[in-house]
Amino acid sequence: MLKKKILVVDDEPSISMLIEFNLKLVGYDVHCVYDGESVFSTIKEYRPDLIVLDLMLPKVDGFQVCRRLRSQNNLVPIIMLTAMHDLSDKIAGLDNGADDYMTKPFSPQELISRIQAILRRSQLLPSAGEDTPVTIGEIEILPEQREVKVRDEFIELTPKEFDLLLFLCKHRGKVLSRQQLLHGVWDYHFLGDTRIVDVHISHLRDKIENQARNPEYIVTIRNVGYKLIEPAAKESLA
């Protein structure tokens, strides 16, 4: 079996070496570059399965790298590393196309767990019956094509937003806690940062709801989590 390829992008050699050592120890093929611009030439030859991307980089920062990759329809999973503890910076990483983020300093073991979780999710192929279109209200999800139509118009979702919407639809009518969503969509088996769920829910509402602040589909269940409902069923909620 071919080793999964991880591209590490960090301008601090000590951090790159630490990540490279630990990833190689568990069997990954690892390549390191030290500035954002190098990502675009490297991925053409190396073709990574996942990118570990620092936010603060020479030449091109992590936000710009994410935006350029996503604008080119490159959906390679990205874990962003940031030394900043400000939630707005983490949200900005997700806004620009990152799949996950970690704050420095971090545990190499947790980074490995997150990489494994994301790669497991990205490798899952639809099984029998799972490629059937899913319709709820004015939303139609095409799992095999990974496309979504709202009111007969295609909308653009990030890979993780698509996974989250499909997971909610498959469990429509059920109240799902943030931890359940972390486990089901991000495949995290440890106590993760549940704010990542809230950020993605907010983005989904902006894209699928008529009024994001008065959602018809994804409703908040206070102190618990979220539930996806048929719009016609909204009035029956209590």
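Located above this text is the structure these notes cover.
Residues numbered from 1 in each chain as written. Predicted model: local features only at pLDDT ≥ 70, side-chain atom pairs only at ≥ 80, totals over all residues. Heavy atoms only, no water.

Draft legend 1. Region of interest: the sheet that holds strand 10 (residues 176-177). Across the sheet, which stays open at both edges, the three strands sit in the order 10-12-11 with antiparallel pairing between neighbours. Sheet topology places strand 10 and strand 11 (218-221) at the edges, where each strand pairs with a single neighbour. With four bridges connecting them, strand 11 and strand 12 (residues 225-228) associate as antiparallel partners. If you follow Val-219 over to strand 12, its bridge partner there is Lys-227. (Pairing = 2+ DSSP bridges. Helix = DSSP H or I, 4+ residues; strand = E, 2+ residues; numbered from the N terminus.)

Draft legend 2. Layout of the packing of aromatic side chains. Evaluation of the coordinates by the stated rule reveals zero aromatic pairs. In this structure, Lys-5 is placed above the aromatic ring of Tyr-46, and the distance from its NZ or CZ to the ring centre is 5.3 Å. A cation over a ring is seen here: Arg-68 above Phe-40, with NZ or CZ 3.7 Å from the ring centre. (Phe/Tyr/Trp six-rings, centres within 6.5 Å; stacked < 30°, edge-to-face > 60°. Lys NZ or Arg CZ within 6 Å of the ring centre and 35° of its normal.)

Draft legend 3. Structural detail: the environment of Lys-24. Here Lys-24 lies in helix 1 (residues 13-25). Separated by 21 residues in sequence, Lys-24 and Lys-3 place their C-alpha atoms 9.8 Å apart.

Draft legend 4. Molecular detail of the pattern of salt bridges. Enumeration according to the criterion identifies 15 salt bridges in this entry. For the salt bridge of Glu-20 with Lys-24, the shortest nitrogen-to-oxygen distance reads 3.0 Å. With Glu-20 and Lys-24 both in helix 1 and four residues apart, the pair spans about one turn of that helix. The salt bridge partner of Glu-140 is Lys-149, with a shortest N-O separation of 3.7 Å. Here the salt bridges share partners, and the residues they tie into one network are Asp-10, Glu-12, Asp-54 and Lys-104. (Salt bridge = Lys/Arg side-chain N within 4 Å of Asp/Glu carboxyl O.)

Draft legend 5. Representation of helix 3 (residues 62-71) in the model. Those residues of helix 3 not exposed but buried are Gly-62, Phe-63, Val-65, Cys-66, Leu-69 and Arg-70. End-on, the buried residues of helix 3 take up no more than an arc of 165 degrees, which puts them together on one face. A side-chain oxygen of the first residue of helix 3 lies 3.1 Å from the backbone nitrogen of Phe-63; this N-cap is Asp-61. Remark: Asn-73 follows helix 3 within two positions and exhibits a positive phi of approximately 60 degrees. (Buried < 20%, exposed > 50% of the residue type's maximum accessible area, 1.4 Å probe, protein only. Arc of directions from axis to C-beta. Polar contact = N/O pair within 3.5 Å; in protein donor to acceptor, adjacent residues only side chain to side chain.)

Draft legend 6. Summary view of the nonpolar core. If you look at the biggest cluster of nonpolar residues, it comprises 31 residues, and the most contacted ones within it are Ile-139, Ile-141, Leu-165, Leu-168 and Ile-218. For this core, the secondary-structure elements that each account for two or more residues are strand 6 (134-136), strand 7 (139-142), strand 8 (147-150), helix 6 (159-170), helix 7 (178-186), helix 8 (195-208) and strand 12. Here Ile-218 is in contact with Leu-168, Ile-201, Leu-204, Arg-205, Ile-208, Glu-209, Tyr-226, Lys-227 and Leu-228, once residues within four sequence places are set aside. The next biggest cluster of nonpolar side chains, apart from the first, holds 20 residues, and it includes Leu-53, Val-60, Val-76 and Met-80. (Core = buried A, V, L, I, M, F, W, Y, C linked by side-chain atoms within 4.5 Å. Contact = heavy atoms within 4.5 Å.)

Draft legend 7. Spotlight on a nonpolar patch on the surface. A surface patch of nonpolar side chains, about 330 Å² in accessible area, is lined by Phe-21, Leu-25 and Val-26. You can see Val-26 is positioned in the loop between helix 1 and strand 2 (29-33). (Patch = residues over 30% accessible without salt bridge, like charges linked within 9 Å, V, L, I, M, F, W, Y side chains within 5 Å. Areas by Shrake-Rupley, 256 points an atom, 1.4 Å probe, with all protein chains shown as cover.)

Draft legend 8. Geometry of the sheet that holds strand 7. One open sheet holds the four strands; their spatial order is 6-7-8-9, and the pairing between them is antiparallel. Two strands lie at the open edges of the sheet, namely strand 6 and strand 9 (153-155), each paired on one side alone. Averaged over all neighbouring strand pairs, the angle between strand axes comes to 25 degrees, with direction disregarded. Across three bridges, the pairing between strand 8 and strand 9 is antiparallel. Residue pairing in the sheet places Lys-149 in a bridge with Phe-154 of strand 9. Its contacts with the sheet put helix 6 on strand 6, strand 7 and strand 8, and the angle it makes with strand 7 is roughly 110 degrees. (Axes fitted to C-alpha atoms, helices over the stretch in contact; angles between N-to-C directions.)

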